[in-house]
Amino acid sequence: MSYLTVSNATKQFGQSFMALNGVSVAVERGEFFTLLGPSGCGKTTLLRSIAGFNDLTSGEITLNGANLRVVPPHQRDIGMVFQDYAVFPHLSVFDNVAFGLKPRKVPAAEIKTRVTQALDAVRLGALADRLPAAMSGGQQQRIGLARAMVINPQLLLMDEPLSNLDAKLRIELREEIRDIQKQVDIATIYVTHDQEEALAISDRICVMNAGRIEQVGTPQDIYGNPQTRFVAEFVGTLNLFNPGAALDAMLGHLGLSAAGAAAWAVRPEHLGLIASGATAPADAAVLDGIVTKFTYLGREAHVGVETPAGNLVVQLANPGMAASRAAGEKVSVVVPQSAPMAFDAEGQRLGRKG
Ligand SMILES: Nc1ncnc2c1ncn2[C@@H]1O[C@H](COP(=O)(O)OP(=O)(O)OP(=O)(O)O)[C@@H](O)[C@H]1O
Ligand SMILES: [Mg+2]
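Residues numbered from 1 in each chain as written. Chains lettered and ligands numbered in written order. Predicted model: local features only at pLDDT ≥ 70, side-chain atom pairs only at ≥ 80, totals over all residues. Heavy atoms only, no water.

### Looking at the packing of helix 4 (residues 137–149) against helix 5 (residues 167–184)
- Relative orientation of the contacting elements helix 4 and helix 5 amounts to 20 degrees, with a least axis distance of 11 Å. Considering their axes alone, helix 4 and helix 5 lie roughly parallel with respect to each other. When the axes of helix 4 and helix 5 are compared, the crossing they make is right-handed. Here helix 4 contributes G138, Q141, R142, L145 and M149 to the contact with helix 5, which in turn contributes L169, L173, E176, I177, I180 and V184.
- Grouping the constituent residues of the contact of helix 4 with helix 5 by class yields seven nonpolar, two polar and two charged. (Axes fitted to C-alpha atoms, helices over the stretch in contact; angles between N-to-C directions. Helix = DSSP H or I, 4+ residues; strand = E, 2+ residues; numbered from the N terminus. Parallel < 35°, antiparallel > 145°, perpendicular 65-115°, else oblique. Left-handed = near helix turned anticlockwise from the far one by under 90°. Contact = heavy atoms within 4.5 Å. Nonpolar A, V, L, I, M, F, W, Y, C, P; charged D, E, K, R; others polar.)

Here it is in structure tokens:
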């Protein structure tokens, strides 16, 4: 049995709205498990249900083999970190972190040891006597992390802890959180709606949509082998082909069967560009088109191309100076045989995967 299990969880708000609609997840010991999905999909509701701030409408939650739903929130032994730093401005960094230990009747000497350890883990050891007002957002969020860890929780829950920080700090702190989590080895459920953050930080990602789970997998699975159209579109960028003769000819050339497929798509980085009329590589089809847009982004460039099978974005890696394309230029888009993904009318991935 997994360390944390949630089985068939539902949460109804009001007469008929289901914020969670049959959610089951299993998190392993020491795992960094991320809930990823758009606003309103139920991430916070699931996290709060595990913490005990929400009661489920139906379903089961177990932690380390024990039924969690019968345990009151303050006895659940779960550390939480929130989006707003939730630090007490009138307490020093040390006292902010010690706060969670007071009601647990921990002796003063042990409080000192444990708070010092927690502050060292988040690299705030030298700032123990400061007041939070004199600290940056990133430092304040590390106070929150130390406070969640100091109780030696069985589980850490983090709800968008980085969303109030600027982009650069967010990247720095996400690496730190990942390192600290691996060092303390506490199973962690992390919530974000930032796909790159989820890919960077997680052992496994659970993609949620409208109160349901779309897919659970490693970052490589989720990005490289999406099982639904929703996952493919939410994590990464997707070019959708227009149905019609040009698409059918391309699929025929590639030897791909359209049976049961309601939509075909490719990732921009799986496409290539060659000069108009140049010979296509083996195992690839070409679509003749006209450049509509060229966006240079340094380590990559995005080229918009209008083709008979749809308007496609082609991503070129390491474009350099020579890759520039002018609007109106004739080009051919190379579609390798392994690139197209097919989805049925319900958005489920069809055919060959991986
Ligand atoms: N107490 C409540 N009463 C009624 N509806 C609620 C309540 N809490 C949440 N909801 C609704 O449940 C749905 C899921 O909310 P939740 O907060 O779990 O979303 P989320 O995935 O965390 O979104 P975000 O990324 O915006 O934080 C939303 O439609 C929300 O409006
Ligand atoms: Mg939320």
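### Quick word on the site of ligand 1
- Within the structure, ligand 1 sits among 13 residues, and S39, G40, K43, T44 and T45 are positioned closest to it.
- Contact between ligand 1 and C41: an oxygen atom at 3.2 Å from a main-chain N or O atom of the residue.
- Within the complex, the protein chains bury 58% of what would otherwise be the 640 Å² of accessible surface of ligand 1.
- For the shell around ligand 1, the elements supplying multiple residues, two or more each, are strand 2 (17–27) and helix 1 (43–51).
- At three residues, the largest contribution of residues to the shell around ligand 1 is made by helix 1.
- Here the shell around ligand 1 is composed, by residue class, of five nonpolar, six polar and two charged. (Near = heavy atom within 4 Å. Polar contact = N/O pair within 3.5 Å; in protein donor to acceptor, adjacent residues only side chain to side chain. Areas by Shrake-Rupley, 256 points an atom, 1.4 Å probe, with all protein chains shown as cover.)

### Side note on the environment of F33
- Within the secondary structure, F33 is located in strand 3 (residues 32–36).
- Sequence-wise, F33 and A187 are 154 residues apart; in three dimensions their C-alpha atoms are separated by 7.7 Å.
- Apart from residues lying up to four places away in sequence, F33 is in contact with V25, A26, V27, T188, I189, Y190, R204, C206 and V216.

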